[in-house]
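# Tertiary structure, described
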Amino acid sequence: MDLAYTEAEEEFRRRLGEWLAAVLPGLPPKPSPDDWPARRAYDTTWQRMLYDAGYAGLHWPVEAGGRGATPTQHLIFLEEAEKAGAPYVGANFVGLLHAGPTVAAEGTAEQRVRWLPPVLRGDEIWCQGFSEPDAGSDLAALRTRAVRDGDDYVVSGSKIWTSHAEVADWCELLVRTDPGAPKHRGISWLAMPMDAPGITVRPLRTLAGSTEFAEVFLDEVRVPVRNRVGAENEGWRVTMVTLSFERGTAFVGEVVACRRTLEALAAEARRNGRWDDPVLRRRLGRLNAEFRALWRLTQGNVAESERTGGVPGIGGSVFKLRYSGARQELYEAAAEVLGAEGAFDLDREWALDRLSSLSYTIAAGTSQIQRNIVAERILGLPKGR
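Residues numbered from 1 in each chain as written. Predicted model: local features only at pLDDT ≥ 70, side-chain atom pairs only at ≥ 80, totals over all residues. Heavy atoms only, no water.

So, about the nonpolar core. Ranked by size, the top nonpolar core spans 68 residues in total, and within it Trp46, Trp126, Trp189 and Phe291 carry the most contacts. Among the elements that make up this core, the one with the highest residue count is helix H9 (residues 315-343) (eight residues). Of all hydrophobic cores here, the second largest spans 22 residues; its members include Ala91, Ile125, Cys171 and Val175. (Core = buried A, V, L, I, M, F, W, Y, C linked by side-chain atoms within 4.5 Å. Buried < 20%, exposed > 50% of the residue type's maximum accessible area, 1.4 Å probe, protein only. Helix = DSSP H or I, 4+ residues; strand = E, 2+ residues; numbered from the N terminus.)

What follows covers the packing of helix H1 (residues 7-23) against helix H2 (residues 36-53). Packing of H1 against H2 leaves a shortest axis separation of 13 Å and a crossing angle of 135 degrees. Overall, the two elements H1 and H2 adopt an arrangement that is oblique. With respect to the hand of their crossing, H1 and H2 are arranged in right-handed fashion. Taking contact as the criterion, the partners of Trp19, Leu20 and Val23 in H1 are, on H2, Trp46, Met49, Leu50 and Ala53. Of the residues contributing to the contact of H1 with H2, the split by class is seven nonpolar, no polar and no charged. (Axes fitted to C-alpha atoms, helices over the stretch in contact; angles between N-to-C directions. Parallel < 35°, antiparallel > 145°, perpendicular 65-115°, else oblique. Left-handed = near helix turned anticlockwise from the far one by under 90°. Contact = heavy atoms within 4.5 Å. Nonpolar A, V, L, I, M, F, W, Y, C, P; charged D, E, K, R; others polar.)

Applying the stated rule across the entire model yields eight aromatic pairs. With centroids separated by 6.3 Å and ring planes inclined at 65 degrees, the aromatic side chains of Phe12 and Tyr55 adopt a geometry described as edge-to-face. With Phe12 in helix H1 and Tyr55 in the loop between H2 and helix H3 (71-83), this residue pair connects regions lying 43 residues apart in the sequence. Across the pair, exposure class does not vary: Phe12 and Tyr55 are buried alike. Measuring from ring centre to ring centre gives 5.5 Å for Trp115 and Trp170, while their planes differ by 70 degrees; the resulting arrangement is edge-to-face. Remark: Trp170 occurs in strand S4 (residues 170-176) and Trp115 occurs in helix H5 (residues 109-121); sequence separation between them is 55 residues. These aromatic residues form a ring-pair network of at least three members: Phe12, Trp19, Trp46, Tyr55 and Phe77. The residue whose ring lies beneath Arg13 is Tyr5, and the NZ or CZ to ring-centre distance is 4.8 Å. (Phe/Tyr/Trp six-rings, centres within 6.5 Å; stacked < 30°, edge-to-face > 60°. Lys NZ or Arg CZ within 6 Å of the ring centre and 35° of its normal.)

Now for the side chain of Glu80. Looking at the element boundaries, Glu80 is found in helix H3. Every residue in contact with Glu80, bar those within four places of it in the chain, is listed here: Arg13, Leu16 and Leu20.

For a regular strand, side chains alternate in direction, first toward one face of the sheet and then toward the other. Along S4, seven of the seven residues are buried, which leaves the element largely enclosed by surrounding structure. Here S4 shows no split at all, with Trp170, Glu172, Leu174 and Arg176 on one side and Cys171, Leu173 and Val175 on the other all buried. As paired strands, strand S1 (residues 126-129) and S4 are joined by four bridges and run parallel to one another. Each residue of the ladder has a partner; that of Trp126, found in S4, is Trp170. Where S4 meets strand S5 (residues 187-193), seven bridges bridge the pair, whose relative direction is antiparallel. In the sheet register, Trp170 faces S5, and the bridge partner there is Pro193. (Pairing = 2+ DSSP bridges.)

Below, the structure written as structure tokens:
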């Protein structure tokens, strides 16, 4: 595993930094968190700027409309963008980080032409219709049905934790197309237009008061068969491709942000006198080592990805598992540094981040599921009963 950067990679970093320094001061202020139409416009405007500058879909294959950059260059992009305070992909994250790469890897030529350019330009937003109310962490236990009717599937059921559904144009949707098959083998992956008749979106309000997620109810929604990615009943295999991208470099920027937050916490502790507590100092020092190790793990996963053609490996589950816990520990430490008054002041970004951190052991695959993946697919342990 080579953790050093080449001269060409450092030159890529330099040119990227120059571009970010030139364009970021001209961005408008971020809109209110509750104004989703404005947030969509803000996020897609940034996406278009990336597209025009050649940074959209940086790691996507050239034939899919991307730049064909190496995973290491993608890692550098995510690192420098976060350090510079550039906008996150925001409402476009499902399309850019999940659905788009899946279509690029598994879709037909016609599907790639139809769906990939609008994602890269920021013209269309995707949401993810995977989780269901009655399935819990067992994604393969989904019950949403898709019955073939000529050239359409007729879809009925419901989804939950559907990110940005209220502003999405498309949904990457998992459905059961063969209820008689074993649960992992009767699933298909569909691209569903969110303006189709029969779709009801009900936003869910989080603990922090935001509405990033929604319930989606599907009442005999007709989805063309041509919108299926992969063969019928092979949706679980396609889904594993999607999840490998979700758990690959999806949290890289957040590791950088956590390291910056840790530095800010240390500065705040020095300012308010809590730095005199040796237990707190040791805790912050251990977290510093934790996030440095996570960054090295990320680099190792990227090196593996380069050897395997750019698709993230199952090592992403190791990273995701440890990162989820480390992020929660970071904001528990923030509560110590800020004290009771500051820790629960929702006008402070740290307090909102602490509330958000509580979801990380559930989002993008629960920690229990990640442990199963590590045990079975990395350590080779037998499946649990």
